[in-house]
Amino acid sequence: MTADDARPLPDPAHVTSSLQLVLAAKELMACLDLSGNQIAKKGGPSTGTVSGMLNGRVFPRKSTFKVFITEGCGQPWEPWLGAWQRAHQDELHRRPTESLAAEIHEARSRIEVLEQALAAAAERLSELEERVAVGLDARRADEAEREEARRRINTMDRLLEAVPAPRFTVERWDHRDTTSRPLYDISAVDKFLEEVRTRSNESLLKHLLRTHPGTFRDPGGGQTCGYRALEVDLYVSQLRLALGIDPDPRSHQPAPL
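The structure displayed is predicted, hence computed values, not measured ones. Throughout, residues of each chain are indexed from 1 in the direction in which the sequence is written. Reporting in this predicted model follows two pLDDT cut-offs: at least 70 for local features of residues, and 80 or more for side-chain atom pairs to be given and counted; totals over whole chains, interfaces and linings ignore these cut-offs and use all residues. In computing side-chain values, all of the structure's heavy atoms are included and hydrogens and water are not.

1. Some words on the overall build of the protein chain
In DSSP terms, a helix is any run of H or I states spanning at least four residues, a strand is any run of E spanning at least two, and both are numbered starting from the N terminus. Looking only at helices and strands, the protein chain features nine helices and three strands. For the protein chain, the α and β elements follow one another from N to C terminus as α-α-α-α-α-α-β-β-α-α-β-α. Exposure classes here rest on a 1.4 Å probe applied to the protein chains alone. A residue is buried below 20% of its type maximum, exposed above 50%, and partly exposed in between. Counting over 257 residues, the protein chain shows a buried share of 29%. Should any heavy atoms of two residues lie within 4.5 Å, those residues are counted as being in contact. Long-range contacts, defined as pairs at least 24 residues apart, comprise 69% of the intrachain contacts of the protein chain with a sequence gap of at least 6. Accessible surface, the protein chain as shown: approximately 17,100 Å² in total, 54% of it carbon and sulfur. In these tables, accessible area is a Shrake-Rupley quantity obtained with a 1.4 Å probe, and a residue counts as shielded only by the protein chains included in the view.

Here it is as structure tokens:
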């Protein structure tokens, strides 16, 4: 196409409606021999956006139309800005009332859907907060139980540290020898020691010692050995002292086990 054959560019001052804006845009592209792909490559709107604008399906936003004119077609913006503003006013007045009502209805429907989604999210959040609260309560209770268990263990450790570990001497037993040193039945003493080890807290251990006679039976049942009674009595007395219990309650306790 020679300079003599070049078509004059459309005058944006003549545009007064949205339809005229579309026709002017088409004419501008034809005069410049531009396609939608070429406009997109020049930095203008995408091919799909240009197609929708030229087909009249979507009225272009000002920013989109400005990119189309300046970047895609290489034209000054100011004359075309007035054209777009007049076309935009025409588009607002031309739009049917039914279309506006449909858009309002659609907007309300979307708002309703969003409100339902928000309500569901709030309910879910409330459930999660409740579960977290229950979990925290359970965790606090568990930590409290553990702390109490540690306290009891520490208390018991301190108490038992004050008493030497029982290491009783085993001696032969002869019930006919009245001059031999007193001995205690091994099974009875061992049973008592096991009860001491299995008491889980101070109060249970105190109860054991308060209700125990403080002495043990002589070896019997065919036993030929026993623990030295003096050592066992000393251990029990030390344990009672560590717990703040009368170390010698035998004067008012029942008969030995």
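Alright, that's what it looks like, and here's the rest.
2. So, the packing of helix H7 (residues 186-198) against helix H9 (residues 229-242)
Between the N-to-C directions of two axes lies an angle of 0 to 180 degrees, each axis being a line fitted to C-alpha atoms and, for a helix, fitted only over the stretch in contact. For the pair H7 and H9, the least separation of the axes is 12 Å and the interaxial angle reads 20°. Taken together, the axes of H7 and H9 lie roughly parallel to each other. Seen along the crossing, H7 lies across H9 with a hand that is left-handed. For the pair H7 and H9, contact is made by Val189, Phe192, Leu193 and Val196 and by Val232, Tyr235, Val236 and Leu239, respectively. For classification, angles of less than 35 degrees are called roughly parallel, those exceeding 145 degrees roughly antiparallel, those between 65 and 115 degrees roughly perpendicular, and all remaining angles oblique. Handedness of a crossing follows from how the near helix is turned relative to the far one, being left-handed for an anticlockwise turn of less than a right angle and right-handed for a clockwise one.

3. Focus on the environment of Phe65
Mapped onto the fold, Phe65 is located in helix H4 (residues 62-72). Overall, the relative accessible area of 1% leaves Phe65 in the buried class. Residues Phe65 and Val50, 15 residues apart in the sequence, show an inter-C-alpha distance of 9.2 Å. Beyond its immediate sequence surroundings of up to four residues, Phe65 is in contact with Leu21, Met53, Pro60, Trp77, Trp80 and Trp84.

4. Things to note about the side chain of Thr64
Tracing the backbone shows Thr64 in helix H4. A residue is classified by how much of its surface remains accessible, and Thr64, at 15% relative accessible area, is buried. In contact with Thr64, other than residues within four places in its own chain, are Pro45 and Thr49.

5. A few points about the layout of surface pockets
The method is simple in principle: a probe with the dimensions of a water molecule rolls over the atoms, and the space it marks as empty is what remains. Method remark: on a 1 Å grid restricted to protein atoms, a set of points is classed as a cavity if a 1.4 Å probe fits but cannot get out and as a pocket if it is open with protein on both sides within 12 Å along at least five of seven lines; lining residues have an atom within 4 Å of a point. Grid points are joined across faces, edges and corners, and a volume is the space filled by probe spheres set on the points. Its volume calculated, the largest pocket comes out at about 160 Å³. Contributing to the lining of the largest pocket are Ser18, Leu19, Leu21, Val22, Met53, Gly56, Arg57, Val58, Phe59, Pro60, Glu91 and Arg94. Among the secondary structure elements, those contributing two or more residues to the lining of the largest pocket are helix H1 (18-31) and helix H5 (77-94). For the lining of the largest pocket, the leading source of residues is H1, giving four residues. Classifying every residue of the lining of the largest pocket by side-chain character gives seven nonpolar, two polar and three charged. Side-chain classes follow a simple rule in which Ala, Val, Leu, Ile, Met, Phe, Trp, Tyr, Cys and Pro form the nonpolar group, Asp, Glu, Lys and Arg form the charged group, and the remainder, Gly included, forms the polar group.

6. Some words on helix H8 (residues 202-211)
Looking only at H8, the buried set comprises Leu205, Leu208 and Leu209. Looking straight down H8, one finds that the buried residues subtend no more than 90° of arc, so they occupy a single side. Comment: arc refers to directions from the helix axis out to C-beta atoms.

7. What about the pattern of salt bridges?
We define a salt bridge as a contact between a side-chain nitrogen of Lys or Arg and a carboxyl oxygen of Asp or Glu at a distance within 4 Å. Counted under the stated rule, the structure contains nine salt bridges. A salt bridge links Arg124 to Glu127; the nearest nitrogen and oxygen atoms lie 3.6 Å apart. Highlighted residues: Arg124 and Glu127, both in helix H6 (residues 97-161), separated by three residues, approximately one helical turn. Judged by relative accessible area, which is 42%, Arg124 ranks as partly exposed. Take Glu127: its relative accessible area is 37%, and that puts it in the partly exposed class. Notably, a salt bridge pairs Arg146 with Asp142, separated by 3.0 Å at the nearest N-O pair. Within this pair, Arg146 and its partner Asp142 are both found in helix H6, separated by four residues, close to a single helical turn.

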